[in-house]
Amino acid sequence: MTHYYELYRRSSIGMALTDSLDELIQTSHIDPQLAMKVLLQFDKSITEALETKVRTKATFKAGHLHTYRFCDEVWTFIIKNPNFKLENEQVHVDKIKIVACNAKKPGEAEPTKN
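Residues numbered from 1 in each chain as written. Predicted model: local features only at pLDDT ≥ 70, side-chain atom pairs only at ≥ 80, totals over all residues. Heavy atoms only, no water.

Operational definition: UniProt positions are given in the numbering used here, feature names are shortened, and annotations may be inferred rather than shown by experiment.
Under an unreviewed UniProt entry, the chain has the name Transcription initiation factor IIA subunit 2 and belongs to Gigaspora rosea. Under the UniProt heading Subcellular location (unreviewed entry), the entry covering the chain gives this text: "Nucleus".

Below you can see the structure in the form of structure tokens.
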């Protein structure tokens, strides 16, 4: 079984799904095992959708690198005052968190070298 990163569960859509599943469990409409299957499918589906459906490109100029860390093969950056350039607009935000994971899925074998 292929494993996918769970980081999208902390997005607004992932949190809404988790809240809904918790409510369904609390009201005995589904059991926790089904909720886990739904979350695993969400991890797979959101990863594949973002990989194949999103075509918009964005670039950014970092203001100030506030924090960075590397743990369990995942980089996390917190950048203050970045400026983003999208297709037809520029956006300034106070702070952004960037989480960068290895392109290979967790548990996937390393490519063989010839």
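Next comes the rest of the description.
### Section: helix α1 (residues 12-26)
Convention followed: Only DSSP runs of H or I covering at least 4 residues are called helices, and only runs of E covering at least 2 are called strands; the numbering of each starts at the N terminus. Any helix carries an expected span of 1.5 Å times its number of residues minus one.
Given a rise of 1.5 Å per residue, 15 residues ought to cover 21 Å, and the 21 Å separating the end C-alpha atoms of α1 matches this to within 8%. S28, located one to two residues past α1, shows a positive phi value of around 60°.

### Let's talk about a nonpolar patch on the surface
The condition that has to hold: Only residues whose relative accessible area exceeds 30% and that take part in no salt bridge are eligible for patches, with like-charged residues grouped when within 9 Å of each other and nonpolar side chains (Val, Leu, Ile, Met, Phe, Trp, Tyr) grouped when within 5 Å. Note that accessible areas follow from Shrake-Rupley with a 1.4 Å probe, and for residues the cover is restricted to the protein chains shown. Throughout this description, the term salt bridge denotes a Lys or Arg side-chain nitrogen within 4 Å of a carboxyl oxygen of Asp or Glu. For each residue, the accessible area found with a 1.4 Å probe, counting protein chains only, is set against the maximum for its type, and the residue is called buried under 20%, exposed over 50%, and partly exposed in between.
Taken together, the side chains of L65, Y68, F70 and W75 make up a nonpolar region of the molecular surface, amounting to roughly 430 Å² of accessible area. Top element by residues in the nonpolar patch is strand β2 (residues 64-71). It accounts for three residues. Its location among the elements puts L65 in strand β2. Judged by its relative accessible area of 41%, L65 is partly exposed.

### Structural notes on the sheet that holds strand β1 (residues 59-61)
Heads up, the condition is: When DSSP finds at least two bridges between two strands, those strands are taken to pair. The axes are straight lines fitted to the C-alpha atoms, using for helices just the contacting stretch, and the angles between their N-to-C directions are given from 0 to 180°.
Overall, antiparallel pairing links the three strands, which are arranged β1-β4-β5 in an open sheet. Here the strands that pair on one side only, and so sit at the sheet edges, are β1 and β5 (90-92). Within this sheet the neighbouring strands show an average axis-to-axis angle of 25°, counted without direction. With three bridges connecting them, strand β4 (residues 83-85) and β5 associate as antiparallel partners. Counterpart to N83 in the pairing with β5 is H92.

### A few points about the layout of surface pockets
How we decide: Cavities and pockets are defined on a 1 Å grid built over the protein atoms alone: a cavity is a set of grid points where a 1.4 Å probe fits but cannot escape, while a pocket is an open set with protein on both sides within 12 Å along at least five of seven lines, and lining residues are those with an atom within 4 Å of any such point. Grid points are joined across faces, edges and corners, and a volume is the space filled by probe spheres set on the points. Side-chain classes follow a simple rule in which Ala, Val, Leu, Ile, Met, Phe, Trp, Tyr, Cys and Pro form the nonpolar group, Asp, Glu, Lys and Arg form the charged group, and the remainder, Gly included, forms the polar group. An automatic or database domain assignment is the source of the domain bounds shown.
Size it by volume and the largest pocket reaches roughly 740 Å³. If you list the elements that add at least two residues to the lining of the largest pocket, you get α2 (32-53) and β6 (95-101). If one sorts the elements of the lining of the largest pocket by residue count, β6 sits on top with four residues. Of the residues contributing to the lining of the largest pocket, the split by class is 10 nonpolar, three polar and five charged. Residue assignment places the lining of the largest pocket across two domains, with domain 1 (7-53) and domain 2 (58-101) each supplying three or more.

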